[in-house]
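One-letter residues, chain by chain:
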Amino acid sequence: MKAKLDYHWHLREIMANRGMFSTTDLRPLLAERGIDLSASQVYRLVTEKPERLSLKILMALLDILGCTMEELIEPMAAAGAGRRKTAVGESSGEPGVGDLRPKRARVLPK
């Protein structure tokens, strides 16, 4: 069985640690390095996990933020990798949706 890999994208957290709290702060810094992205592309780059990323953009981000690739991209095992699906009602050792539901209020007669 092949190992399924995934990653955490930490761009937003690293930007916040560097005092950059708006996606518009990143756009001119990318433009200085010859990367012209639209406002919506920069927003998606910051707020979502990219499926594809050019090495030019990656190198620009590392330069702008002064971080390493390991800080920006954290490899990890994919969610559900190596786990067996359990049927409804089976206990998997983790709280299920039923455990997280609020209790029904009881109305008592006066």
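See the structure shown above.
Residues numbered from 1 in each chain as written. Predicted model: local features only at pLDDT ≥ 70, side-chain atom pairs only at ≥ 80, totals over all residues. Heavy atoms only, no water.

**Q** Where do I start with the overall build of the protein in this structure?
**A** Each helix and strand in the protein was counted, giving six helices and two strands. Starting at the N terminus, the α and β elements of the protein follow one another as β-α-α-α-α-α-β-α. Taking all 110 residues of the protein together, 22% fall into the buried category. For the protein, the share of sequence-separated contacts (at least 6 apart) that also reach a separation of at least 24 residues comes to 64%. Of the accessible surface of the protein, which amounts to about 9,000 Å², a share of 54% is contributed by carbon and sulfur atoms. (Helix = DSSP H or I, 4+ residues; strand = E, 2+ residues; numbered from the N terminus. Buried < 20%, exposed > 50% of the residue type's maximum accessible area, 1.4 Å probe, protein only. Contact = heavy atoms within 4.5 Å. Areas by Shrake-Rupley, 256 points an atom, 1.4 Å probe, with all protein chains shown as cover.)

**Q** Would you explain the nonpolar core in this entry?
**A** As a rule of thumb, soluble globular proteins bury nonpolar side chains together. Of all hydrophobic cores here, the largest spans 21 residues; its most connected members are Leu11, Leu26, Leu30, Leu61, Leu65 and Leu72. The element that contributes the greatest number of residues to this core is helix H4 (residues 55–65), accounting for seven residues. Non-local contacts of leucine 61, meaning those with residues more than four positions away in its chain, are made with Trp9, Leu11, Leu26, Leu30, Leu45 and Leu72. (Core = buried A, V, L, I, M, F, W, Y, C linked by side-chain atoms within 4.5 Å.)

**Q** Please explain the environment of aspartate 6 as it appears in this structure.
**A** Residue placement: aspartate 6 occurs in strand E1 (residues 5–9). When the C-alpha atoms of aspartate 6 and proline 75 are compared, they prove to be 6.0 Å apart, with 69 residues separating the residues in sequence. Apart from residues no more than four positions distant in its own chain, aspartate 6 is found in contact with Lys49, Glu74, Pro75, Met76, Ala77 and Ala78.

**Q** Would you mind going over the side chain of threonine 23 with me for this structure?
**A** By the element assignment, threonine 23 lies in the loop between helix H1 (11–17) and helix H2 (26–32). Once residues lying within four places of it in the same chain are set aside, the contact partners of threonine 23 are Met15, Val42, Tyr43 and Val46.

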